[in-house]
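For reference, the chains in residue letters:
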Amino acid sequence: MKPVEILLLFLCFNVFTFGAIGGPPTCPADLDGECGDSGEWKGEFFPGIPKIKYEGPSSKNPLAFKWYNAEEVILGKKMKDWFRFSVAFWHTFRGTGADPFGAPTKYWPWEDGTNSLAMAKRRMRANFEFIDKLGVDFWCFHDRDIAPDGKTLEESNANLDEVVALAKELQGSKIHPLWGTAQLFLHPRYMHGGATSSELSVYAYAAAQVKKAIEVTHYLGGENYVFWGGREGYQSLLNTDMGRELDHLARFLEAAVAYKKKIGFNGTLLIEPKPQEPTKHQYDWDAATTANFLRKYGLIGEFKLNIECNHATLSGHSCHHELETARLNGLLGNIDANTGDPQIGWDTDQFLTDIGEATMVMFSVVKNGGLAPGGFNFDAKLRRESTDVEDLFIAHIGGMDTLARGLRNVAKIIEDGSLPELVRKRYSSFDTEIGALIEAGKADFEFLEKKAIEWGEPKVPSAKQELAEMIFQLAL
Ligand code: XLS
Ligand code: NI
Ligand code: NI
């Protein structure tokens, strides 16, 4: 096995593995006993970090926004409503920095090295202080990130209920989940998948877990519910009945739709495509594959897509391509905002810092008229080597500012008008009587042959790609 293959096998899951099973091994020594195993935490989790404010592009303050100004109206909508930013609990509060070759590097002062219920509650308090100081309204979670697994399903559900009750209290009226989801990939029972497991009892267990996760998402006022099928795929077709597994997956999703309606949960159900990792081939490979699956099984009106930029590049597309494919199919529901590394071939889940990419992303979002009830979830984590508590804030501020610049750039491009005009002109031969006939499906081959003979060899104009790139660059 090449080193990169070993990494692929482990990397995406180190967060969950260390987060949910082990946790950082020790409590730091310099905390004067505050880091006991009691659920209470005295004082602030982030002392010295103020509420993050907008200071404008000339600010050099790392703990301030330079481009994201929540209340400012751009293209007819407040920035906060374009973005609906969300903090991902699993990265921000369960990420430890462990990788396949190395131990955890992050020892947050409030962690006691356990995965107890008391610790889960303390972590939840840290989550809401973080959200409040960052000034966002949403968070996202997996059931098992926020509450420890029990010995039985009933015990796991009881743990979850206890933590969720606290989360509900801490949320207040303003904050709620952008989405919730069930973790159907960490526990060994899911090694063959959940909905696509070859074992019926695992299918049932997964259904029970999703049922509960939809219930708590609904209880917390969540606006969406996500299905990410990390283990819904295969390692080898030799031992896999792909047709049967896909049918099972469709039945599973149908049952989720029925249950959502039964309990009156009006949130959008989202599928998050990813081509591989941890399985060699996941069934929801990319947006087009997932759209085809939903159409085949008559589920297209019941689901939308959660596009993750790093998954897009893993599938050989750009994030913009995946967003446009989803949008053109009426399926663009949410964005897991992150980015990969061009030199590393897996889901590195980095915070987006590329202004050009952010501008392309925002092009799709603006064309879609926004994402609500979806938003931008920072499915992104600090690098292993970033170990200060303030780095959590700096990373999110950087991600928010980058996307805010993207939105401002799109506004500039639309205002300037020359790029949309270039595209309009490129297709203007269809803005004619005969073009209209073609687009209305009224031009048959005999008619077109007559025209081709009448017009002779076509004169084909330039695509003006470099000009398009120049106009785009001028807006960045
Ligand atoms: C993993 C996925 C995961 C989903 C939620 O690659 O991005 O984090 O967003 O299960
Ligand atoms: Ni994701
Ligand atoms: Ni991912």
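Residues numbered from 1 in each chain as written. Chains lettered and ligands numbered in written order. Predicted model: local features only at pLDDT ≥ 70, side-chain atom pairs only at ≥ 80, totals over all residues.

The next point concerns the domain arrangement of the chain. In terms of domains, the chain is made up of domain 1 (3–416) and domain 2 (429–475). Centre-to-centre separation of domain 1 and domain 2, based on C-alpha positions: 43 Å. (Domains from an automatic or database assignment.)

In a packed pair of helices, the relevant descriptors are the angle between the two axes and the axis-to-axis distance. Put simply, helix α15 (residues 418–426) and helix α18 (residues 465–475) touch, their axes get as near as 9 Å, and they point 160° apart. Comparing the axis directions of α15 and α18 gives the class roughly antiparallel. As α15 packs across α18, the resulting crossing turns out to be left-handed. For the pair formed by α15 and α18, the contact residues are Ser418, Leu419 and Leu422 on the first element and Leu467, Ala468, Ile471 and Phe472 on the second. (Axes fitted to C-alpha atoms, helices over the stretch in contact; angles between N-to-C directions. Helix = DSSP H or I, 4+ residues; strand = E, 2+ residues; numbered from the N terminus. Parallel < 35°, antiparallel > 145°, perpendicular 65-115°, else oblique. Left-handed = near helix turned anticlockwise from the far one by under 90°. Contact = placed C-beta atoms within 7 Å.)

Before going further, it helps to examine the environment of Lys260. One can find Lys260 in helix α9 (residues 242–262). Since 21 C-beta atoms lie within 10 Å of it, Lys260 is described here as buried. Separated by 35 residues in sequence, Lys260 and Tyr225 have C-alpha atoms that sit 9.7 Å apart. (Buried ≥ 20, exposed ≤ 12 C-beta atoms within 10 Å, placed from the backbone.)

Here strand β12 (residues 303–308) lies mainly inside the structure; 6 of its 6 residues are buried. Relative to β12, strand β10 (residues 268–271) runs parallel, the two being bridged by 3 bridges. Among the inter-strand pairings, Ile271 is bridged to a residue of β12, identified as Leu305. In this sheet, strand β13 (residues 332–336) lies alongside β12 in parallel orientation, the contact comprising 4 bridges. Its bridge partner being in β13, Leu305 is matched across the sheet by Leu332. (Pairing = 2+ DSSP bridges.)

Mapped onto the elements of the fold, Phe89 is located in helix α4 (residues 89–94). Along the primary structure Phe89 and Glu111 are separated by 22 residues, whereas in three dimensions their C-alpha atoms are 14 Å apart. Once residues lying within four places of it in the same chain are set aside, the contact partners of Phe89 are Arg94, Asn127, Trp139, Cys140, Phe141, Asp145 and Ile146.

When a protein is soluble and globular, its nonpolar side chains tend to lie buried together. Core analysis: the largest hydrophobic core is formed by 94 residues, its most contacted members being Val87, Phe89, Trp139, Leu270, Met362 and Leu403. Broken down by element, this core gets its largest block of residues, 9 residues, from helix α14 (residues 389–416). In this view, Leu403 contacts Phe83, Ala337, Leu352, Ala358, Met362 and Phe376; residues no more than four positions away in its chain are not counted. (Core = buried A, V, L, I, M, F, W, Y, C linked by C-beta atoms within 7 Å.)

This part takes up the site of ligand 1. Of all residues adjacent to ligand 1, which total 11 residues, the nearest are Thr181, Trp228, Glu308, Asp347 and Asp379. Split into classes, the residues belonging to the shell around ligand 1 amount to 3 nonpolar, 2 polar and 6 charged. (Near = placed C-beta within 6 Å. Nonpolar A, V, L, I, M, F, W, Y, C, P; charged D, E, K, R; others polar.)

So, on to helix α7 (residues 153–171). Taking 1.5 Å per residue as the helical rise, α7 with its 19 residues ought to reach 27 Å, and the 26 Å between its terminal C-alpha atoms agrees with that figure. Every buried residue of α7 is listed here: Ser156, Asn159, Leu160, Val163, Val164 and Ala167. Each buried residue of α7 lies within a common arc of 130° when the element is viewed along its axis, so the set occupies one face. In this structure, α7 carries Glu154, Glu155 and Glu169 as exposed residues pointing more than 90 degrees from its buried face. Looking at the packing, one finds that the buried side of α7 touches α5 (117–134), α6 (143–146) and α8 (200–219). Gly172, located one to two residues past α7, shows a positive phi value of around 65°. (Expected span 1.5 Å × (residues − 1). Arc of directions from axis to C-beta.)

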